[in-house]
Amino acid sequence: MNRPLRIAVADDEPDMRDYFRAILPRLGHSVVAVAEDGRDLVRQCASQRPDLIITDIKMPDMDGIEAASQIGRDGPVPVILVSAHHSTEDLHRVEDEHILAYLIKPIKQADLEAAITIALYRFEQFQALHHEAASLRQALEDRKIIERAKGILMKKTNLDENDAFRRLQRLASDKNKKLVEIAHIVLTAEEAFNPARKA
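Here the structure is a predicted model, which is why all the values come from computation and not from measurement.

Draft legend 1. Region of interest: the nonpolar core. In this structure, Phe-20, Leu-24, Ile-54, Ile-80, Leu-112 and Ile-116 are the most contacted members of the largest nonpolar core, which totals 22 residues. Listed by contribution, the elements that provide at least two residues to this core are β1 (6–10), α1 (14–26), β3 (52–56), β4 (79–83), β5 (99–104) and α5 (109–157). Excluding its chain neighbours within four sequence positions, the residues that come into contact with Leu-112 are Phe-20, Ile-23, Leu-24, Leu-27, Ile-54, Leu-103 and Ile-107. Core analysis: the next-biggest nonpolar cluster, separate from the first, contains 19 residues, Ala-8, Ala-33, Met-59 and Val-79 among them.

In structure tokens, the structure reads:
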């Protein structure tokens, strides 16, 4: 069973909008926005911030792919595309990694439930990967700063590499700060005493 989601739907056919209104609550979800074209979907998603979007592709004014792309600029949200017929051209336009499933009408309840489960699972995987990459980048940046601070201590105090690192660790523990915060303080002090050059 999926966790309860706040879902926005868009379709220019009233019957499909009614179908989503009826079927999604049966699957344990709430429908927080119902749009009849892409522009309306973009507008409603800006205020409702849904957990998932289910949108028809072919709609007047703005189609579902363009709407999904615009909504994604404000923050990632998983999208399931719906179409009345299989279109290779439409699939080639789908470059956004947040478009995670594609359903052909008529949509059965079981197919919709499976698509929601898969879309949510893939989206959470993407988010975890992005977070991991960001954390790794930060760790590498922190490591560079700590290495620079260690180099300054080695030069100023004639400590070897291990002892300089241990001194940074001890300072961090004594001051109840992160190691990288102490390293920043060392770099700032070095720049203050040597304003003509960066450490």
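Draft legend 2. View of the side chain of His-29. Mapped onto the elements, His-29 comes out in the loop between α1 and β2 (30–35). Of the polar contacts made by the side chain of His-29, one reaches the backbone nitrogen of Leu-5; its length is 3.0 Å.

Draft legend 3. A look at the packing of helix α6 (residues 161–175) against helix α7 (residues 179–193). As a packed pair, α6 and α7 sit with axes 9 Å apart at the nearest point and diverge in direction by 110°. On the basis of their axis angle, the class for α6 and α7 is roughly perpendicular. From α6, Phe-165, Leu-168, Gln-169, Leu-171, Ala-172 and Lys-175 reach across to α7, where they touch Leu-179, Ile-182 and Val-186. Grouping the amino acids of the contact of α6 with α7 by side-chain chemistry returns seven nonpolar, one polar and one charged.

Draft legend 4. Inspection of the sheet that holds β4 at higher detail. An order of β2-β1-β3-β4-β5 is seen for the five strands of this open sheet, with the pairing classed as parallel. Only two strands of the sheet have a single neighbouring strand rather than two, namely β2 and β5. This sheet shows a mean twist of 20° between the axes of neighbouring strands, independent of strand direction. Summarising the sheet, β4 and β5 pair through five bridges and their orientation is parallel. Bridge pairing in β5 links Ile-80 to Ala-101. In the packing of α1 onto the sheet, the strands contacted are β1, β2, β3 and β4, and the crossing angle to β2 comes to about 170°.

Draft legend 5. View of α5. Counted at 1.5 Å a residue, the expected span for α5 with its 49 residues is 72 Å, and the 71 Å between its end C-alpha atoms agrees. Inspection of α5 places Leu-112, Ala-115, Ile-116, Ala-119, Leu-120, Phe-123, Ile-145, Ile-146, Ala-149, Lys-150, Ile-152 and Leu-153 among the buried residues, and these make up the whole buried set. Remark: Asn-158 follows α5 within two positions and exhibits a positive phi of approximately 60°.

Draft legend 6. The arrangement of the packing of α5 against α7 in detail. Packing of α5 against α7 brings their axes to within 8 Å, and their N-to-C directions diverge by 55°. Classified by the interaxial angle, the pair formed by α5 and α7 is oblique. As for how α5 packs across α7, the hand of that crossing is left-handed. Contacts from Asp-142, Ile-145, Ile-146, Arg-148, Ala-149, Ile-152, Lys-155 and Lys-156 of α5 reach α7 at Leu-179, Val-180, Ala-183, His-184, Val-186, Leu-187, Glu-190 and Glu-191. Here the residues of the contact of α5 with α7 are counted per class, giving nine nonpolar, one polar and six charged.

Draft legend 7. Highlighting the confidence of the model for the protein. Summarising the model, the protein shows a mean pLDDT of 89, and 90% of its residues fall at 70 or more. Ranking the elements of the protein by mean pLDDT puts helix α4 (residues 88–93) last, at 66, and β1 first, at 98.

Draft legend 8. Inspection of unusual backbone geometry at higher detail. At the junction of Lys-105 and Pro-106, the peptide bond is cis and its omega measures out at -5° in the coordinates. Looking at the element boundaries, Pro-106 is found in the loop between β5 and α5. Phi at Asp-61 is positive, roughly 75°, even though this residue is not glycine. Tracing the sequence through the fold places Asp-61 in the loop between β3 and α3 (64–72). At Asn-158, a position not held by glycine, the phi torsion is positive, near 60°.

Draft legend 9. Up close: the pattern of salt bridges. Taken as a whole, this structure holds 14 salt bridges when the rule is applied. Salt-bridge contacts for Arg-143 lead to Glu-147; the nearest nitrogen and oxygen are separated by 2.6 Å. Within this pair, Arg-143 and its partner Glu-147 are both found in helix α5, separated by four residues, close to a single helical turn. The class of Arg-143 is partly exposed, set by a relative accessible area of 37%. Of the charged contacts, one joins Lys-156 and Glu-190 as a salt bridge, the two residues approaching to 3.5 Å between their closest N and O atoms. Separated by 34 residues along the polypeptide, Lys-156 in helix α5 and Glu-190 in helix α7 bring together distant segments of the chain. Here Glu-190 falls in the buried class, since its relative accessible area comes to 4%. Overlapping salt bridges bring together Asp-11, Glu-13, Asp-56 and Lys-105 as one network.

Conventions and cut-offs
- Residues numbered from 1 in each chain as written.
- Predicted model: local features only at pLDDT ≥ 70, side-chain atom pairs only at ≥ 80, totals over all residues.
- Heavy atoms only, no water.
- Core = buried A, V, L, I, M, F, W, Y, C linked by side-chain atoms within 4.5 Å.
- Buried < 20%, exposed > 50% of the residue type's maximum accessible area, 1.4 Å probe, protein only.
- Helix = DSSP H or I, 4+ residues; strand = E, 2+ residues; numbered from the N terminus.
- Contact = heavy atoms within 4.5 Å.
- Polar contact = N/O pair within 3.5 Å; in protein donor to acceptor, adjacent residues only side chain to side chain.
- Axes fitted to C-alpha atoms, helices over the stretch in contact; angles between N-to-C directions.
- Parallel < 35°, antiparallel > 145°, perpendicular 65-115°, else oblique.
- Nonpolar A, V, L, I, M, F, W, Y, C, P; charged D, E, K, R; others polar.
- Pairing = 2+ DSSP bridges.
- Expected span 1.5 Å × (residues − 1).
- Left-handed = near helix turned anticlockwise from the far one by under 90°.
- pLDDT = per-residue confidence, 0-100.
- Salt bridge = Lys/Arg side-chain N within 4 Å of Asp/Glu carboxyl O.

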